[in-house]
Amino acid sequence: MDFSSRNVEIGFQHLCESVFVRLCQIVGTSVQVAIRRETVDITEMVERRVAENDEDIAILSGSMREGFRLKESDLDFMQWLNNHRVIWDMCQSEYYYTENKTLIISDSSESPPGFTLLELLTPTTDRSVQSACVPMNDRLYISSSLLRQQTQTHHFPDSTEHGPCESGEILGRVEYDFAWCFACDFWPPSASSWISRCHSWPDREIVDDIIRNGCHFVPIGHPLGLHEHEEWRISFSVAENKLVNTMNHCQFLTYGLLKIFLKEVIDKQSAETSKLLCSYHVKTAVFWVLQQNVVPLWCPQNLLAGFWVCFKLLLKWVYKGVCPNFFIPQNNLFLTKIHGSAQRNLFLQLHGLYEKGLACLLQSPSVRSYITDVLNNPRLSICTNEDRMRSECEYDVELFSEIERSDSRGPQNIDRCVKHLQALELMIGLPLTQYQVLMLQKITATILQNTAFTLHNMHTITGLNKQMYIADRISSHMLKLAAKFGCISDMMYIAMYYYKALRYRDALSITEIIKVKLAQPGLMYRRHVDPVRYSEAVRGLSWSSRMRQAVARDIILNNYACFINELTTEQQSALQNTMGVLFIPTFVMLQFVEFLCYRHVDTTLAQTALEELQVLVHHDQGPCVPENYRDISWEILGMCQQMTGNLQAALFSYQKSLTQYPWNKIHTASQMRIQDLHIIDTTMHE
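Residues numbered from 1 in each chain as written. Predicted model: local features only at pLDDT ≥ 70, side-chain atom pairs only at ≥ 80, totals over all residues. Heavy atoms only, no water.

1. Notes on the overall build of the chain
So the rule is basically this: Every helix listed is a DSSP run of H or I at least four residues long, and every strand listed is a run of E at least two residues long, numbered separately from the N terminus. This radius of gyration counts C-alpha atoms alone. The globule rule is 2.2 Å times how many residues there are, raised to the power 0.38. Whether a residue is buried, partly exposed or exposed follows from its accessible area with a 1.4 Å probe, protein chains only, as a fraction of its type maximum: under 20%, in between, or over 50%, in that order. Contact criterion: two residues are considered in contact whenever any of their non-hydrogen atoms come within 4.5 Å of each other.
Along its length, the chain carries 27 helices and 15 strands. Taking 2.2 N^0.38 as the reference for a compact globule, 686 residues should give roughly 26 Å; the C-alpha atoms of the chain span a radius of gyration of 28 Å, in line with that estimate. C-alpha atoms of the chain, sized along the principal axes, occupy 85 × 75 × 55 Å. The burial tally for the chain puts 56% of its 686 residues in the buried class. Pairs at least 24 residues apart make up 70% of the contacts formed inside the chain by residues separated by at least 6 positions.

2. Considering the packing of aromatic side chains
Note the threshold: Each Phe, Tyr or Trp ring, with Trp reduced to its six-membered ring, pairs with another whose centre is within 6.5 Å; inter-plane angles below 30 degrees give stacked pairs, above 60 give edge-to-face pairs, and intermediate values give tilted ones.
Enumeration according to the criterion identifies 36 aromatic pairs in this entry. A centroid spacing of 5.8 Å and a plane angle of 80 degrees characterise the contact between Phe453 and Tyr497, whose relative ring orientation is edge-to-face. On the criterion of sequence distance, the pair formed by Phe453 in helix 16 (residues 434-462) and Tyr497 in helix 18 (residues 492-500) is long-range, its members being 44 residues apart. According to the relative accessible area criterion, Tyr497 is buried, its value standing at 0%. Aromatic pair Trp634 and Phe652: ring centres 5.9 Å apart, planes at 80 degrees, arrangement edge-to-face. With a gap of 18 residues between them, Trp634 in helix 25 (residues 630-643) and Phe652 in helix 26 (residues 647-659) connect regions that are remote in the sequence.

3. Points about the nonpolar core
Put simply, the rule is: We call a set of buried residues a nonpolar core when its members are Ala, Val, Leu, Ile, Met, Phe, Trp, Tyr or Cys and they connect through side-chain atoms within 4.5 Å of each other.
With 99 residues, the main nonpolar core has Phe182, Leu303 and Phe327 as its most contacted residues. Take this core: its biggest share by element is 11 residues, from helix 11 (residues 303-320). Among all residues touching Phe327, those that are not within four sequence positions of it are Trp187, Ser190, Ala191, Ser193, Trp194, Phe236, Ala239, Glu240 and Leu243. Membership of the second largest hydrophobic core comes to 80 residues, among which are Ala495, Ala574, Ala609 and Val625.

4. Considering the pattern of salt bridges
Basically, it comes down to this: Salt bridges are counted wherever a side-chain nitrogen of Lys or Arg sits within 4 Å of a carboxyl oxygen of Asp or Glu.
Overall, the coordinates contain 28 salt bridges when judged by the stated rule. For Arg65, the salt bridge is made with Asp41, and the minimal N-O distance between the two is 2.4 Å. You can see Arg65 sitting in helix 3 (residues 62-66) and its partner Asp41 sitting in helix 2 (residues 30-50), a full 24 residues away along the chain. Taking the relative accessible area as the measure of exposure, Arg65 reaches 6% and is therefore buried. A salt bridge links Arg546 to Asp396; its shortest N-O distance comes to 2.7 Å. Of this pair, Arg546 sits in helix 21 (residues 543-550) while Asp396 sits in helix 14 (residues 392-406); the two residues are 150 residues apart in sequence, bridging distant segments of the chain. Given a relative accessible area of 1%, Asp396 falls into the buried group.

5. Remarks on the packing of helix 24 (residues 603-619) against helix 25
We apply this condition: Only the contacting stretch of a helix is used when fitting its axis, a line to C-alpha atoms as for every element, and angles between N-to-C directions run 0 to 180 degrees. Each angle gets one of four labels, with under 35 degrees taken as roughly parallel, over 145 as roughly antiparallel, 65 to 115 as roughly perpendicular, and the rest as oblique. Left-handed describes a crossing in which the near helix is turned anticlockwise from the far one by less than a right angle; the clockwise case is right-handed. As a working rule, the residues Ala, Val, Leu, Ile, Met, Phe, Trp, Tyr, Cys and Pro are called nonpolar, Asp, Glu, Lys and Arg charged, and the rest polar, with Gly in that last group.
At a closest axis distance of 10 Å, the pairing of helix 24 and helix 25 adopts a crossing angle of 150 degrees. Considered as vectors, helix 24 and helix 25 are oriented roughly antiparallel to each other. Like other packed secondary-structure pairs, helix 24 and helix 25 cross with a definite hand, here left-handed. Side by side, helix 24 and helix 25 meet where Leu610, Leu613, Gln614, Val617 and His618 of the first sit next to Ser633, Trp634, Ile636, Leu637, Cys640 and Gln641 of the second. Per-class residue counts for the contact of helix 24 with helix 25 are seven nonpolar, four polar and no charged.

6. Quick look at the pairing of strand 4 (residues 115-120)
How we decide: Each pair of strands is called paired provided DSSP finds at least two bridges between the two strands.
Among the six residues that make up strand 4, six are buried, leaving the element largely enclosed by the rest of the structure. Burial along strand 4 is two-sided: Phe115, Leu117 and Glu119 facing one way and Thr116, Leu118 and Leu120 facing the other are all buried. Here strand 3 (residues 102-107) runs beside strand 4; their pairing, made up of four bridges, is antiparallel. The residue of strand 4 that forms the bridge with Ile104 is Leu120. Summarising the sheet, strand 4 and strand 11 (residues 232-235) pair through two bridges and their orientation is antiparallel.

7. Focus on empty space enclosed by the protein
Short version of the rule: Throughout, the protein atoms alone are placed on a 1 Å grid, and a set of points is a cavity if a 1.4 Å probe fits but cannot get out or a pocket if it is open with protein on both sides within 12 Å along at least five of seven lines; lining residues have an atom within 4 Å of a point. Grid points are joined across faces, edges and corners, and a volume is the space filled by probe spheres set on the points.
One pass over the structure, following the stated rule, counts three cavities of 30 Å³ or more. The volume enclosed by the largest cavity comes to roughly 210 Å³. Considering the residues around the largest cavity, the lining is formed by 23 residues, among which Asp407, Lys442, Thr446, Tyr493 and Ile556 are closest to the centre. Every element with two or more residues in the lining of the largest cavity is listed here: helix 14, helix 16 and strand 14 (555-558). Of the pockets and cavities examined, the second largest cavity occupies roughly 70 Å³. Forming the boundary of the second largest cavity are Arg148, Thr151, Gln152, Glu161, Pro164, Cys165, Glu166, Phe178, Ala179, Trp180 and Pro219. At the level of secondary structure, the elements contributing two or more residues to the lining of the second largest cavity comprise strand 8 (165-170) and strand 9 (174-184).

Structure (structure tokens):
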């Protein structure tokens, strides 16, 4: 190699390294991605172990599940009935006890590749499935379009039907897709060729794991199918997630770069061709490139070579009008979408980018400056050591935020509480990663809290003194144990319990301790933290100790258990509107509990607590009262004002609660409280 070509090679490596560094900033380092994946893993592992036969199972899928946290990353959820299973052949029915499993058989004889009809084999007690059944050829089939209609729950305002999903936006920022589906424990015969293709990637262990986990069926038919409204699409979401998890970090970042390039460059070419390509096409291209082993080395110094190979494959697919599904290649993902004039125009636009070479990346605002910096200064020193890209504090923010995101929402009754505790006990000896151990620790704290309040509620109803005494001791012990496992805000559950048990001074002694801890300069609350102060406060401490001493999260109340009697109306309202939990800012809950306790101890201090709560709710711009939790914050303020007799202020607060984003779905409770105020006001003036 001559000197000039050597310089070109070094320049290309520097360019790749610079983009690698930028992608670690946008997409995340390998440690951040591992944190995101592993915390979700452990939560789903717990939920699977405790799932009853007649319950639904829900999982996170899509880009968030894969480890992305890009601005455009949406929340994808899949949910299915645990007591319904799809089989491919009648002989597979012998694996099930049909007394408690509804069996469905796939019939793809008249459907395009990747799609199938689902025939109901054994009776179902599920009303949605019953209502979606249609007779065809003397058999009963489950209509995908009818089931979509039956399962529309409208989780958030203005949700719409999008393909097989219920879709919408949360707070106008985060998009979500919710897909109701059926599960199958067996690998599709139509995807058997995929198994024989797996020579170099993925390895045999991963292949076997994927096959063992079967597939799913989402409610959408092929637009050219004979039975579009009855057909179901075979979904490989779980398999795809496992494949993404097998990627090394450079491969994952290449996938991320393609997603960014699609969003910032390809979709900006013209309105006609925007959105023709989607991130699923990009992911499919990455899978094919990895399996065909056409890139000899995936490393930071060669990152753009991988990007270019994937981009050329997409270009080739658009030219041919064929994007073969990774598992069932006969299923052309472009069919009915990329054809005719739209296909020609998209190809011309992509070819125009191709002719520019890697310079086309200069059109991406996210990476442009990192390319020009290297072009302007070829000798620029670039460090690709991930350990130096993020501070210890940043990693802690990531970890504790993901733990809060993935925490268990709590069991619905005492039997489920016990089942959760037994499952957690059995998981203690499993080979877990350091992130999973901490996640398990936080889940344990949450389950202990739910068990404590559920137990107390049970024995409060029975009224037997001896049983109440024993239950009180057990509940108190559980809550103290949970506080040792959890973070600062987990102490609030002890204060709530003491208030519920009429131990007002004990509750206030706990709130005083919490106030001191929340006032420390190194506190991490949600993502709000002073990095320097935090690092000073936690230096040398384990993650467990950091969580307990320097981290506060929001208060989450399981709506199937009563934590504070005054919030029963709100919990019932949320439950009626399919919300299983209430999210309350810790600072709001702290002032609320203090106000409630001081009403029985010192009315002057109760007024002080109310004034502090009022200032907090009226004037906080986010750090202490997050935007999505302002509905419950205004509601709590209104309740406190009503208790003091300030009905006009209470009315204003309840009305403000109704104007907030309905995250907690307590609007029914707010309307009831407003109605009650009008009745009180009328009575007072009679």
